[in-house]
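# Observations on chain architecture
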2 protein chains.
Amino acid sequence: MRPIKVVIPFKLDCAKSRLSPVLSSAERQDLALAMLEDVIDAVSGLGDVTILLKDPPSEPGTFDRLISRPGASSQIDILDCPLELDPALNLLIEAEVKRGWPSDLLIAMADLPLMSPFDLDGLVRTPGDVVIVPGRGGGTNLILIRDERFRVSYYGLSFLKHIRKAEDLGLSAGIYESFRCGSDVDEPPDLVEALIHGRGRTPGLLKDLGFSLSGDRERARVGWVRGY
Amino acid sequence: MRPIKVVIPFKLDCAKSRLSPVLSSAERQDLALAMLEDVIDAVSGLGDVTILLKDPPSEPGTFDRLISRPGASSQIDILDCPLELDPALNLLIEAEVKRGWPSDLLIAMADLPLMSPFDLDGLVRTPGDVVIVPGRGGGTNLILIRDERFRVSYYGLSFLKHIRKAEDLGLSAGIYESFRCGSDVDEPPDLVEALIHGRGRTPGLLKDLGFSLSGDRERARVGWVRGY
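Notes on the structure in this doc start here. (Residues numbered from 1 in each chain as written. Chains lettered and ligands numbered in written order. Predicted model: local features only at pLDDT ≥ 70, side-chain atom pairs only at ≥ 80, totals over all residues. Heavy atoms only, no water.)

## Focus on the overall build of chain A
Rules: We count a stretch as a helix when DSSP gives it H or I for four or more residues in a row; a strand needs E for two or more, and each element gets its number in order from the N terminus. Restricting the calculation to C-alpha atoms gives the radius of gyration, and the globule rule supplies 2.2 Å times the number of residues raised to the power 0.38. Relative accessibility decides the category of a residue: with a 1.4 Å probe and only protein chains considered, values under 20% of the type maximum give buried, values over 50% give exposed, and everything between is partly exposed. In what follows, a contact means two residues having at least one pair of non-hydrogen atoms within 4.5 Å. Only the protein chains shown count as cover for residues, and the accessible areas themselves come from Shrake-Rupley with a 1.4 Å probe.
Helix and strand content of chain A: 8 helices and 7 strands. A globule of 228 residues ought to have a C-alpha radius of gyration of about 17 Å, and chain A, at 17 Å, matches this closely. Dimensions of chain A along its principal axes, counting C-alpha atoms only, are 55 × 40 × 30 Å. Burial analysis of chain A (228 residues in total) assigns 58% to the buried set. For chain A, restricting intrachain contacts to residue pairs at least 6 apart in sequence, the fraction spanning at least 24 positions comes to 70%. Total accessible area computed for chain A in this model is approximately 9,500 Å², and 52% of it derives from carbon and sulfur atoms.

## Things to note about the packing of aromatic side chains
A ring pair, where both rings are aromatic, is described by two values, the distance of the centres and the angle of the planes. Residue and element names in this part refer to chain A. What counts is decided by this rule: We call Phe, Tyr and Trp rings a pair once their centres come within 6.5 Å, taking the six-membered ring for Trp, and we label the pair stacked below 30 degrees between planes, edge-to-face above 60, and tilted otherwise.
Under the definition given, this model contains 2 aromatic pairs over all chains. Both rings, one in Phe 10 and one in Phe 63, keep their centres 5.9 Å apart while their planes meet at 85°; by these two values the pair is edge-to-face. Highlighted residues: Phe 10 in strand E1 (residues 4-10) and Phe 63 in the loop between strand E2 (49-53) and helix H2 (64-67), separated in sequence by 53 residues. Take Phe 63: its relative accessible area is 6%, and that puts it in the buried class.

## Here's the deal with the relation of the copies chain B and chain A
Going by this rule: A least-squares fit on C-alpha atoms brings the copies together, and the residues used are those whose pLDDT is at least 70 in both copies.
Rotating chain B by 180° and moving it 0.0 Å along the rotation axis overlays it on chain A with an RMSD of 0.0 Å. Look at the turn and shift together and you get a two-fold axis relating the two. When each C-alpha of chain B is compared by its distance to the rotation axis, Phe 179 of chain B comes out closest, at 2.0 Å. Of all interface residues in chain B, 97% are interface residues in chain A too; the two copies therefore contact each other through one and the same surface.

## Considering the sheet that holds strand E1 (residues 4-10) of chain B
Residue and element names in this part refer to chain B. Definition in use: What makes two strands pair is DSSP finding at least two bridges between them. In this analysis, axes come from line fits to C-alpha atoms, helices being fitted only over the stretch in contact, and the angle between any two N-to-C directions falls in the range 0 to 180 degrees.
Spatial strand order, E3-E2-E1-E4-E6-E5-E7: 7 strands in an open sheet with mixed pairing. Two strands bound the open sheet, and with one partner strand each, they are strand E3 (76-80) and strand E7 (173-175). Between one strand axis and the next, the sheet turns through 20° on average, direction left out of account. Relative to strand E2 (residues 49-53), E1 runs parallel, the two being bridged by 5 bridges. Along E2, the bridge assignment pairs Pro 9 with Leu 52. The strands touched by helix H3 (residues 85-98) within the sheet are E1, E2, E3, strand E4 (104-108) and strand E6 (140-145), with E1 carrying the most contacts at an inclination of about 160°. The sheet contacts of helix H5 (residues 158-168) involve strand E5 (130-134), E6 and E7, and relative to E5 the element is tilted by about 165°.

## Quick notes on the interface of chain B and chain A
Stated precisely, the cut-off is as follows: Accessible area that two parts lose when put together, with a 1.4 Å probe and added across both, is what the buried area reports. Criterion for a salt bridge: a side-chain nitrogen of Lys or Arg within 4 Å of a carboxyl oxygen of Asp or Glu. Polar contacts here mean pairs of N or O atoms no more than 3.5 Å apart (in protein, one a potential hydrogen donor and the other a potential acceptor; neighbouring residues in sequence count only if both atoms are side-chain atoms). Polarity classes work like this: nonpolar for Ala, Val, Leu, Ile, Met, Phe, Trp, Tyr, Cys and Pro, charged for Asp, Glu, Lys and Arg, and polar for all others, with Gly in that last group.
Contacts between the two partners involve 31 residues from chain B and, on the opposite side, 30 residues from chain A. Buried surface at the junction of chain B and chain A, summed over both partners, amounts to about 2,600 Å²; 55% is from carbon and sulfur atoms. Put simply, chain B and chain A have 2 salt bridges between them. Close ionic contact of Arg 180 of chain A with Glu 177 of chain B constitutes a salt bridge, the shortest N to O distance being 2.8 Å. Linking chain B with chain A are 4 residue pairs in polar contact (both at pLDDT 80 or more), by the criterion used here. Among the secondary structure elements, those contributing two or more residues to the side of chain B that touches chain A are H5, helix H6 (191-197) and helix H8 (217-222) of chain B. For the side of chain B that touches chain A, the leading source of residues is H6 of chain B, giving 4 residues. For the side of chain B that touches chain A, the class distribution of residues is 8 nonpolar, 10 polar and 13 charged.

## So, H3 of chain B
All names here are of chain B. Threshold: To estimate the expected span of a helix, count its residues, drop one, and scale the result by 1.5 Å.
Here H3 contains 14 residues, and its C-alpha end-to-end distance of 20 Å stays within 8% of the 20 Å for a straight helix at 1.5 Å per residue. Against E1, E2, E3, E4 and E6 lie the buried residues of H3. Where H3 terminates, the next one or two residues include Gly 100, which has phi positive at roughly 90°.

## Topic: the side chain of Asp 111 of chain A
Residue and element names in this part refer to chain A. With respect to the helices and strands, Asp 111 occurs in the loop between strand E4 (104-108) and helix H4 (117-124). Taking relative accessible area as the criterion, Asp 111 reaches 9% and is therefore assigned buried. A distance of 2.8 Å separates the side chain of Asp 111 from the side chain of Lys 16, its partner in a polar contact. Beyond its immediate sequence surroundings of up to four residues, Asp 111 is in contact with Lys 16, Met 35, Val 39, Ser 183, Asp 184, Val 185 and Asp 186.

## What to know about the sheet that holds strand E6 (residues 140-145) of chain A
Residue and element names in this part refer to chain A. Spatially, 7 strands are ordered E3-E2-E1-E4-E6-E5-E7 in an open sheet, and the strand pairing comes out mixed. Of all strands in the sheet, those bounded by a partner on one side alone are strand E3 (76-80) and strand E7 (173-175). Here the strands of the sheet are splayed against their neighbours by 20° on average, with no regard to which way each runs. Here strand E5 (residues 130-134) runs beside E7; their pairing, made up of 3 bridges, is parallel. Counted as the bridge partner of Val 131 is Gly 174 from E7. The strands touched by helix H1 (residues 25-43) within the sheet are E1, E2, E3 and E4, with E1 carrying the most contacts at an inclination of about 170°. Packed on one face of the sheet, H4 meets E1, E4, E5 and E6 and runs near 50° to E6.

## A short note on empty space enclosed by the protein
Stated formally: Both site types are read off a 1 Å grid over the protein atoms alone. A 1.4 Å probe that fits but cannot get out defines a cavity, while an open set with protein on both sides within 12 Å along at least five of seven lines defines a pocket; lining residues have an atom within 4 Å of a point. Grid points are joined across faces, edges and corners, and a volume is the space filled by probe spheres set on the points.
This structure, assessed with the given rule, holds 1 cavity of 30 Å³ or more. Its volume calculated, the largest cavity comes out at about 70 Å³. Looking at the largest cavity, the residues that line it are Arg 136, Ser 178, Phe 179, Gly 182 and Ser 183 of chain A together with Arg 136, Phe 179, Gly 182 and Ser 183 of chain B. Residues that form the lining of the largest cavity fall into these classes: 2 nonpolar, 5 polar and 2 charged.

## A closer look at the pattern of salt bridges
All names here are of chain A. Applying the stated rule across the entire model yields 28 salt bridges over all chains. A salt bridge links Arg 149 to Asp 147; the shortest N-O distance between them is 2.9 Å. Counted as one network, the salt bridges with shared partners bring together Lys 16, Arg 18, Asp 111, Asp 186 and Glu 187.

Structure follows, in structure tokens:
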């Protein structure tokens, strides 16, 4: 099997803005970092990891903890790139093409705190020039690119856009469906998934922030009253 | 492997009320029936199917099409029971116990239009005295009961409640996680999943009702403007 390089796009500034009804800006940043750490834990067995950072953090040392984790099996690099998601990722893809495409490229979103190494085994075993992992609402939560001609197109219904892009290039598109890879955390009701099914840092942080499982699913989905 | 009897609780009256912002009462009934048919198609390879009906339909013949589908490999029965979900299902479980528990029992929710026979193969192969399939927001979308001592407890965070119930009885609880089994259709944003990933009657019905994929994920999730 070819080596894999993992790329995780990440931004701290205005992170997870759709969670602003229930979390302050600082809390959303903490949550984004906890989810990033859980995603790194899930993917780091696959190969080296590059965090593609939109804005340098205002506080120095923000990522020190992530980069120098004890027992980390893979190298973690941080790459600053102020471009928007698609041009930043496609620039990185083109840089890999210029290097002779030394490894396949797995792009993983940073808001997948349920994801486990087991789920990624299934993804890596799925055939296809590209393998697309659907998220909620037509999104693409992960994409494994095995052919250097492919370029990404996020936003909108990117799941369908990525399938179409592969077809246009004559590439085969594999689909890997997974409950855990498919659970991206964007909106308040999504937090319940992280609390119930999460196994890493994220559920603990949410509990520290005052969230609990009320036992009332409707309320959990809609209201997320925090029990301070 | 022991035979499996599939039970699908269903109601037409006030069906899918949380979709009322985007669908009329009659349209919600049509959608509920389309999803039920897709669920039956997915499960019918496992064994005979019982539709546990809360209220008899006001229009005679509502279920004729479902029961007498061409090529149906399994028998489909309709059982009227005016009780609420938990007592109705537990009464049915107790009736099976009195019959000597001739088969395992799979309870499948009727709003899982993405589910395929492939997903159910994985469920049936999962070990456990009970096997629980999580839905969105802490729900239980399917539960396979292999031990006659188990009783169900839906509503609220039923996924956790079912695990706890198994533990209390000294039973082993398997968890089967699946993107398609985990995608229940309750609220307007869930319709996008049925349109994108559905393969049965449901996506066609939604298109007939005027829904389309706008390409704008945010709008799709929030607004679901129908393009008449």
